[in-house]
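Single-letter residue listing:
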Amino acid sequence: MYYIVQALIILILFSIQTTWLAVISIMGVTPDLVLIFVVFCSVYCSRTIGVGSGIVMGILQDSLSGNLLGVNTFSKGFIGFFFSTLKDKFFVEGILPISFFLAISSLFDGLIFYLSMNTVLDGEITTKFLYQSLPIYSFYNAIIGPVIFLVLKCTYNWLQLKTQYSFMNKAN
């Protein structure tokens, strides 16, 4: 059941990301639900799940985007590793810490995207991306992120409760 719910969450996130988020875009910038999910998994799950979710979600996002393959895999995987390493050193509860970490991860994700697209594709993205789109992207993720964190945290707690009770019932 745990894996079915996780697959359903991923399917819902990608469905919303690729279809409905264009409606609420600001200057063509939409929040990155995949990035928010990776940061959530990195903070609340083990390091293996944090890094694994970053790599898997990055590969899926690269496959669906049609852009340069590997950019999202690298950035999401690194963000998964970074936050799963730091989760024991910082208290990541509440709106402000979650928003701060999502803003930082969004900046890093955007910088990796910018640098890789400019080095591999020889400047296909203008520098306007750095001072116009990237701050909006970070702000947008920082605003939307705590709400999604709340939904994911409730789902995570429910799954923990269900799996704990299912193991207890099998033991009896």
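Here is a short report on the structure shown in this document. What you see is a predicted model; the values in this text were computed from it and never measured.

Some remarks on the overall build of the protein chain
Part 1 of the reasoning: Broken down by element type, the protein chain carries 6 helices and 0 strands.
Part 2 of the reasoning: Element order for the protein chain, N to C, with α for helix and β for strand: α-α-α-α-α-α.
Part 3 of the reasoning: Here the protein chain holds 172 residues, and the buried ones make up 42% of them.
Part 4 of the reasoning: For the protein chain, the proportion of contacts with a sequence separation of at least 24, taken over those separated by at least 6, is 68%.
Part 5 of the reasoning: Accessible surface computed for the protein chain: about 9,800 Å², of which carbon and sulfur atoms make up 72%.

Digging into the pattern of salt bridges
Part 1 of the reasoning: Applying the stated criterion across every chain yields a total of 2 salt bridges.
Part 2 of the reasoning: Across the pair Asp 109 and Lys 76 runs a salt bridge, and its minimum N-O distance is 3.3 Å. In this pair, Asp 109 is assigned in helix α5 (residues 95-120) and Lys 76 in helix α4 (residues 71-86), connecting sequence segments 33 residues apart. Of the two residues, Asp 109 and Lys 76, neither departs from the other in class, the shared state being buried.
Part 3 of the reasoning: Three or more residues joined by partner-sharing salt bridges are found here, namely Asp 32, Lys 76 and Asp 109.

Structural notes on helix α3 (residues 47-65)
Part 1 of the reasoning: Helix length check: α3 (19 residues) gives 26 Å between terminal C-alpha atoms against 27 Å at 1.5 Å per residue, within 8%.
Part 2 of the reasoning: Where the residues of α3 are buried, they touch α1 (2-18), α2 (33-44) and α4.

Examining the nonpolar core
Part 1 of the reasoning: If you look at the biggest cluster of nonpolar residues, it comprises 33 residues, and the most contacted ones within it are Phe 37, Val 39 and Phe 149.
Part 2 of the reasoning: At the level of secondary structure, the elements contributing two or more residues to this core comprise α1, α2, α4, α5 and α6 (128-171).
Part 3 of the reasoning: The greatest single-element share of this core, amounting to 11 residues, is contributed by α2.
Part 4 of the reasoning: If near-sequence neighbours (up to four positions away) are discounted, Phe 37 is found in contact with Gln 6, Ile 9, Ile 10, Leu 13, Met 57 and Leu 152.

Quick look at a nonpolar patch on the surface
Part 1 of the reasoning: Taken together, the side chains of Phe 74, Phe 78, Phe 81 and Phe 82 present a nonpolar region at the surface, about 390 Å² in accessible area.
Part 2 of the reasoning: Structurally, Phe 78 is set in helix α4.

Examining the packing of aromatic side chains
Part 1 of the reasoning: Scanning the entire structure with this criterion turns up 11 aromatic pairs.
Part 2 of the reasoning: Both rings, one in Phe 40 and one in Phe 149, keep their centres 5.3 Å apart while their planes meet at 85°; by these two values the pair is edge-to-face. Placement of the pair is Phe 40 in helix α2 and Phe 149 in helix α6, with a sequence separation of 109 residues.
Part 3 of the reasoning: With relative accessibility at 3%, the residue Phe 149 sits in the buried group.
Part 4 of the reasoning: Ring pairing ties together the aromatic residues Phe 74, Phe 78, Phe 82, Phe 83, Phe 100, Phe 101 and Phe 108, which thus form one cluster.

Cut-off values and rules
Residues numbered from 1 in each chain as written. Predicted model: local features only at pLDDT ≥ 70, side-chain atom pairs only at ≥ 80, totals over all residues. Heavy atoms only, no water. Helix = DSSP H or I, 4+ residues; strand = E, 2+ residues; numbered from the N terminus. Buried < 20%, exposed > 50% of the residue type's maximum accessible area, 1.4 Å probe, protein only. Contact = heavy atoms within 4.5 Å. Areas by Shrake-Rupley, 256 points an atom, 1.4 Å probe, with all protein chains shown as cover. Salt bridge = Lys/Arg side-chain N within 4 Å of Asp/Glu carboxyl O. Expected span 1.5 Å × (residues − 1). Core = buried A, V, L, I, M, F, W, Y, C linked by side-chain atoms within 4.5 Å. Patch = residues over 30% accessible without salt bridge, like charges linked within 9 Å, V, L, I, M, F, W, Y side chains within 5 Å. Phe/Tyr/Trp six-rings, centres within 6.5 Å; stacked < 30°, edge-to-face > 60°.

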